[in-house]
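This is what each chain is made of:
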Amino acid sequence: MSIQIIIAEDHPLILAGIQFLLMAHKPEAVITCTSDFNKTIAMLEKRKFDLLIMDINLPGGDKVTMVHSVRLRQPNLPILVCSSYDEQLYAVPFLKAGANGYISKTAINDDFTKAVDHVLSGRTYASAEVMQQAFAKLLGSKETRENVTEKLSERELDVAQLLVKGQSTKNIGEQLSLSSSSISIYKSKIFEKLGVNNVIELTKYFQVND
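Residues numbered from 1 in each chain as written. Predicted model: local features only at pLDDT ≥ 70, side-chain atom pairs only at ≥ 80, totals over all residues. Heavy atoms only, no water.

A. Just the overall build of the protein chain, in detail. Tallying secondary structure elements over the protein chain gives 11 helices and five strands in all. Out of the 210 residues belonging to the protein chain, those deemed buried represent 44%. Entry remark: accessible area of the protein chain is about 11100 Å², with carbon and sulfur atoms responsible for 52%. In the protein chain, which carries 23 positive and 24 negative side-chain charges, the distance between the mean positions of the two groups comes to 5 Å. (Helix = DSSP H or I, 4+ residues; strand = E, 2+ residues; numbered from the N terminus. Buried < 20%, exposed > 50% of the residue type's maximum accessible area, 1.4 Å probe, protein only. Areas by Shrake-Rupley, 256 points an atom, 1.4 Å probe, with all protein chains shown as cover. Lys, Arg positive; Asp, Glu negative; His and termini not counted. Charge placed at Lys NZ, Arg CZ, Asp CG, Glu CD.)

Here is the structure:
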């Protein structure tokens, strides 16, 4: 019996690698490929699939909200997110949104096939590091929330929260009575203490540790 798999991936080399691994692991698979999210949704409205393997940076898509859009079309479709984005920042939000698995594009081949098997059998897949992070959050949520406030000073936390809300340097300066140079210094300290490189990663850090 064939397995209907749809791959949503816009990088040809990555797509070819995924197809190669799938055909070796699941010779019975019938594979459909799309290169943008709108085409993916169109295919999901036409046909039933057994598995969706999806990049999170697809043209026409909007990261986590793509999971919701897929669920509206095929509520029970297993979704395996395959991305080059930092799994420590992105895996948990996507799993919370309803994806069945998250695997990095840097993972070894055996881990990819393992992820496919897990998701097809109704289980959740993520790397050991991500699962550890998720369990720590579940079992010690109070401690996790406190970690953010412990790492940052009160003023750094004020700046970080405004950055996450999308406030500009000018607006933050007006609200906190700080100069632009002072805000830049605070941003550098915040990024260094939390191990992030930009505001996007900072936002994901707060989402994961909410």
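What follows picks up the thread again.
B. Quick peek at the sheet that holds strand β2 (residues 29-34). Here we have five strands laid out as an open sheet, ordered β2-β1-β3-β4-β5, and parallel in their pairing. Edge positions in the sheet fall to β2 and β5 (101-104), since each of these pairs with one other strand and no more. With strand direction ignored, the average angle separating the axes of adjacent strands in the sheet is 20°. Of the strand pairs in this sheet, strand β4 (residues 79-83) and β5 are connected by four bridges, and their pairing is parallel. Opposite Val81, over in β5, you have Tyr102 as the bridge partner. Together, β4 and β5 form the strand contacts of helix α4 (residues 87-97), whose direction differs from that of β5 by roughly 160°. (Pairing = 2+ DSSP bridges. Axes fitted to C-alpha atoms, helices over the stretch in contact; angles between N-to-C directions. Contact = heavy atoms within 4.5 Å.)

C. Local environment of helix α2 (residues 37-46). Listing the buried residues of α2 in full gives Phe37, Thr40, Ile41, Met43 and Leu44. Down the axis of α2, the buried side of the element spans an arc of 160°, and every buried residue falls inside it. Exposed positions of α2 whose direction lies more than 90 degrees from the buried face are Asn38, Glu45 and Lys46. Contact partners of the buried residues in α2: β1 (3-8), β2, β3 (51-54) and α3 (65-73). (Arc of directions from axis to C-beta.)

D. Spotlight on the pattern of salt bridges. Applying the stated criterion to the full structure yields seven salt bridges. In this structure, Glu45 and Arg73 form a salt bridge, with 3.1 Å as the shortest nitrogen-oxygen distance. Placement of the pair is Glu45 in helix α2 and Arg73 in helix α3, with a sequence separation of 28 residues. For Asp158, the salt bridge is made with Arg155, and the minimal N-O distance between the two is 3.9 Å. One end of the pair is Asp158 and the other is Arg155, both in helix α8 (residues 154-164) and three residues apart, which spans about a single turn. Where salt bridges share partners, they join Glu9, Asp55 and Lys105 into one cluster. (Salt bridge = Lys/Arg side-chain N within 4 Å of Asp/Glu carboxyl O.)

E. Structural view of the nonpolar core. Ranked by size, the top nonpolar core spans 44 residues in total, and within it Leu52, Met54, Val70, Ile79, Phe94, Ile190 and Leu202 carry the most contacts. Among the elements that take part in this core, α4 stands out by supplying six residues, more than any other. Ignoring anything within four residues of it in the chain, the contact list for Val70 reads Phe37, Ile41, Leu44, Leu52, Leu77 and Ile79. Judged by nonpolar contacts, the second largest core, of 18 residues, contains Leu22, Leu51, Ile103 and Tyr125. (Core = buried A, V, L, I, M, F, W, Y, C linked by side-chain atoms within 4.5 Å.)

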